[in-house]
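So you can see what is in the structure, the chains are spelled out below.
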Amino acid sequence: MCGIFAVSGQEKNAGSVVLRGLKKLEYRGYDSWGVAIRNLSGGIEVDKEVGKISSVQHKFGSAKEAIGHTRWATHGGVTKKNAHPHKVGGVTIVHNGIFENYQVWKKKLNKNSFQSETDTEIIAGMLETSLVKKKEITKKEVAECIREVCAEIQGRFGILVMVEGVSGIFAARRGSPLILGRGKKETYIASDIPAFLEKTNTVNYLDDDEMVYIQEGKVEFSNLKTGALVKKRDIKVSWKTEEAEKGEWPHFMIKEIFDQKDTIARAINHDDKLLNKAAKLLQSANGAYFVACGTAHKVAMAAEYFFTEISGRKINVVPASEMTSFEKFVNKKTAIIAVSQSGETADVLEILERGKKRGAKILALTNVESSSIARLAHVHLPIKAGPEKAVASTKAATSQMALLFLLAFADSGQINFGRFILRSTAESINDLINPRYEERIRRVAKKIVKHPNLFIIGRKSLYPMALESAIKIQEVSYIHAQGFAAGELKHGPIALIEKGTPCLVLGGGQETVSNATELKARGAFIIGISPNRQDVFDEWLKVPDCNGAQAIATIIPVQILAYHLAVLRGLDPDMPRNLAKSVTVK
Ligand code: G6P
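Every value quoted in this text rests on a predicted model; they were computed, and no experiment measured them.

What counts and what doesn't
- Residues numbered from 1 in each chain as written.
- Predicted model: local features only at pLDDT ≥ 70, side-chain atom pairs only at ≥ 80, totals over all residues.
- Heavy atoms only, no water.
- Near = heavy atom within 4 Å.
- Polar contact = N/O pair within 3.5 Å; in protein donor to acceptor, adjacent residues only side chain to side chain.
- Areas by Shrake-Rupley, 256 points an atom, 1.4 Å probe, with all protein chains shown as cover.
- 1 Å grid on protein atoms, 1.4 Å probe; cavity = no way out; pocket = protein on both sides within 12 Å on 5 of 7 lines; lining within 4 Å.
- Sits in = over half its atoms within 2 Å of the grid points.
- Helix = DSSP H or I, 4+ residues; strand = E, 2+ residues; numbered from the N terminus.
- Nonpolar A, V, L, I, M, F, W, Y, C, P; charged D, E, K, R; others polar.
- Pairing = 2+ DSSP bridges.
- Axes fitted to C-alpha atoms, helices over the stretch in contact; angles between N-to-C directions.
- Contact = heavy atoms within 4.5 Å.
- Points joined across faces, edges and corners; volume = space filled by probe spheres on them.
- Domains from an automatic or database assignment.
- Salt bridge = Lys/Arg side-chain N within 4 Å of Asp/Glu carboxyl O.
- Buried < 20%, exposed > 50% of the residue type's maximum accessible area, 1.4 Å probe, protein only.

**Student:** What should I look at first to understand the site of the ligand in this one?
**Tutor:** Surrounding the ligand, one finds 13 residues, the nearest of these being Thr295, Ser340, Gln341, Ser342 and Thr345. In this structure, an oxygen atom belonging to the ligand sits 2.7 Å away from a main-chain N or O atom of Gln341. Ser342 has a polar side-chain atom sitting 2.6 Å from an oxygen atom of the ligand. Relative to its unbound accessible surface of 380 Å², the ligand loses 89% to contact with the protein. Here the ligand is seated within the largest pocket. The leading source of residues in the shell around the ligand is helix α7 (residues 294-310), at 3 residues. Per-class residue counts for the shell around the ligand are 5 nonpolar, 7 polar and 1 charged.

Structure follows, in structure tokens:
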């Protein structure tokens, strides 16, 4: 949610380096963009505009340092004035997060000159106010002021700051991700690795309440509360540049759907030791909760069925934003399992922080290794799906499901059997996804694309997949889609069925087929997704029989369908309106 990026180097093209890096972070927000450069005479120049950054061609003046931002609007509408960077006096800043008490400070500063409605401009104002009180302004004073100001901020932030008259760039974080990339003679700071991955894969992760100062190759980490210097370990990330690019593919979403030919097998490529450690964490707990948001929450719901069926363990599933109501049950015997692609989702992070304080044991499954959630966990299982850039989560979801399925087998002491099932699932998925299959689904999409409503039903672990199917279709095609437990149909939703209403039926079990028949009797157009054709299906999308891991295979044709519905409607599936990939605000 909002991408931020900074570079300090010896070359004079910092503006275009930042613009290029921001384009790779656009999935974090695409309401507006902006870049500030320090020109060669030391002045700071800001360029910003409303709209997506991907199509921007901009010529910047010569500069060795620049910061930039691609915005997902929170405080203040989508306007040029609200676009970052924000400049107050000699201070220029970009920000990812939410400054909750900014109104208090806006009043205190009493500056009529604030240009925007944003919380960020107030941070710039606070910094400028404390800087002008200093006798001289050097790097030391700027760092002091940043520490003072950050102490006043309630909420989450990742900020990048440039100050006129002081070379170098300052960054600080609490709650929002910041990662430093080490080039040869230049240094980068970004909210996610793809921004600089083509330049370097050597990184340092900033932790909460840390600050860093960069100037060309010079890097100084310090504690944001005390100012004490901090040493950091260099980490080599394994993501490859090509994985973060869409190459010949028209969109990231379809590329990532096809990536599932490999990613499912990769997700389960873990040694038994780590899986057993994770299983032990569950076994030693007295009560366990899955907490997650969006697609990851639907994955957790499917995993609730996996654990129930495979290891006989009941795990409660709660959307992270609702978990506070159940916190009174969290204690040192509780296991909290966080499922998150980004590892940065604010609602999940907050529950984990609070759960940890109550003594709970944290198990996390994330795609972004070394993300905040991964680092907070007692045990971390990476899902190894590689960068996922499309806002709609596809490959991360199936990798999460595969790994949780395997974990349920680890919990029951049968890892090898679980692996056997998943390997054959991965192989049949590899066979399934090909251009011919995609074309078959595109033709089905053409038949239903004009309908304003669509319903999806499923039972057991295909019930959460019905919910997930609805998310996929809504978010990229803007067609109203709703998922139901198949048995719930006759308790209300069936009233919505009219002649020709498209209904996706996930699974071909007898009871589900009966429900499909009830729909068809009311005129529904039935698209069945199952291993076997059923008479009731008007269209049939075949999926392999996956022996308990059916949810993993079944969601894939729906992902392809959602993608083509979006494309047929002339929409950009990678950047649905109003959404962002990584939601780092509550
Ligand atoms: C956003 C994304 C979803 C994602 C959800 C949770 O809403 O658009 O695709 O499922 O956040 O994100 P996480 O990174 O925690 O899985």
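And the narrative resumes.
**Student:** Is there a simple way to explain the sheet that holds strand β7 (residues 155-163) in this structure?
**Tutor:** Strand pairing in a sheet is mediated by backbone hydrogen bonds. Such pairs are either parallel or antiparallel. Here 7 strands make up an open sheet; going across it, the order is β5-β6-β7-β8-β12-β13-β14 and the pairing antiparallel. The open sheet is flanked by β5 (86-88) and β14 (229-230), the only strands paired with a single partner. With 5 bridges connecting them, β7 and strand β8 (residues 166-174) associate as antiparallel partners. By the bridge assignment, Gly158 is partnered in β8 with Arg173.

**Student:** Would you mind going over the sheet that holds strand β21 (residues 453-458) with me for this structure?
**Tutor:** The 5 strands lie next to each other as β22-β21-β23-β24-β25, forming an open sheet whose pairing is parallel. Edge positions in the sheet fall to β22 (480-485) and β25 (539-542), since each of these pairs with one other strand and no more. On average, each strand axis in the sheet is inclined to that of its neighbour by 20 degrees, with strand direction left out of account. Bridge count for strand β23 (residues 502-506) against strand β24 (residues 525-530) is 5 bridges, and the pairing is parallel. Looking at the pairing, Cys503 lines up with Ile526 of β24. Strand contacts of helix α12 (residues 435-448): β21, β23, β24 and β25, with the helix running at about 150 degrees to β25, the strand carrying the most contacts. Against the sheet, helix α15 (residues 550-568) touches β21, β23, β24 and β25, its axis set at about 155 degrees to β23.

**Student:** In this structure, what is going on with empty space enclosed by the protein? I would like to understand it.
**Tutor:** Remark: the empty space left among the atoms is shown by a probe the size of a water molecule rolled over them. In total, this model carries 2 cavities of 30 Å³ or more according to the counting rule given. Considering only enclosed or pocket space, the largest cavity measures out at about 150 Å³ in volume. Around the largest cavity, the lining comprises 22 residues; the ones closest to its centre are Tyr27, Arg28, Asp192, Ser342 and Val368. Taken together, the residues of the lining of the largest cavity break down into 9 nonpolar, 6 polar and 7 charged. Each of two domains, domain 1 (3-242) and domain 2 (246-432), supplies a minimum of three residues to the lining of the largest cavity. Contributing to the lining of the second largest cavity are 15 residues, with Cys2, Trp72, Thr74, His84 and Gly97 lying nearest its centre. When residues of the lining of the second largest cavity are traced back to their parent elements, those giving at least two are β4 (63-71) and β6 (91-99). Here the lining of the second largest cavity is composed, by residue class, of 5 nonpolar, 8 polar and 2 charged.

**Student:** Would you mind showing me how to read the pattern of salt bridges here?
**Tutor:** Pairs can form between side chains of opposite charge whenever their charged atoms are close. Overall, the coordinates contain 33 salt bridges when judged by the stated rule. Salt-bridge contacts for Glu220 lead to Lys139; the nearest nitrogen and oxygen are separated by 3.1 Å. Taken together, the residues Glu220 in strand β13 (residues 218-223) and Lys139 in helix α4 (residues 139-152) connect sequence positions 81 residues apart. When its relative accessible area of 26% is taken as the criterion, Glu220 is described as partly exposed. By relative accessible area, which is 26% here, Lys139 ends up partly exposed. Across the salt bridge formed by Arg443 and Glu439, the nearest N and O atoms sit 3.7 Å from each other. Here Glu439 and Arg443 lie together in helix α12, a separation of 4 residues that amounts to about one turn. For Glu439, a relative accessible area of 29% corresponds to the partly exposed category. One salt-bridge network, in which partners are shared between bridges, spans Arg20, Lys24, Glu198 and Glu245.

**Student:** Got a minute to help me understand the layout of surface pockets in this structure?
**Tutor:** Its boundaries defined by the atoms lining it, the largest pocket holds a volume of some 580 Å³. As for the largest pocket, its lining consists of 26 residues, of which Gly294, Thr295, Ala580, Lys581 and Val583 are closest to the centre. Residues of the lining of the largest pocket, tallied by class, amount to 11 nonpolar, 11 polar and 4 charged. When residues are assigned to domains, the lining of the largest pocket turns out to be shared by domain 2 (246-432) and domain 3 (434-575), each giving three or more. Considering the residues around the second largest pocket, the lining is formed by 22 residues, among which Arg459, Lys460, Leu462, Gly509 and Gln550 are closest to the centre. Those elements that provide at least two residues to the lining of the second largest pocket are α7, α14 (510-521) and β24.

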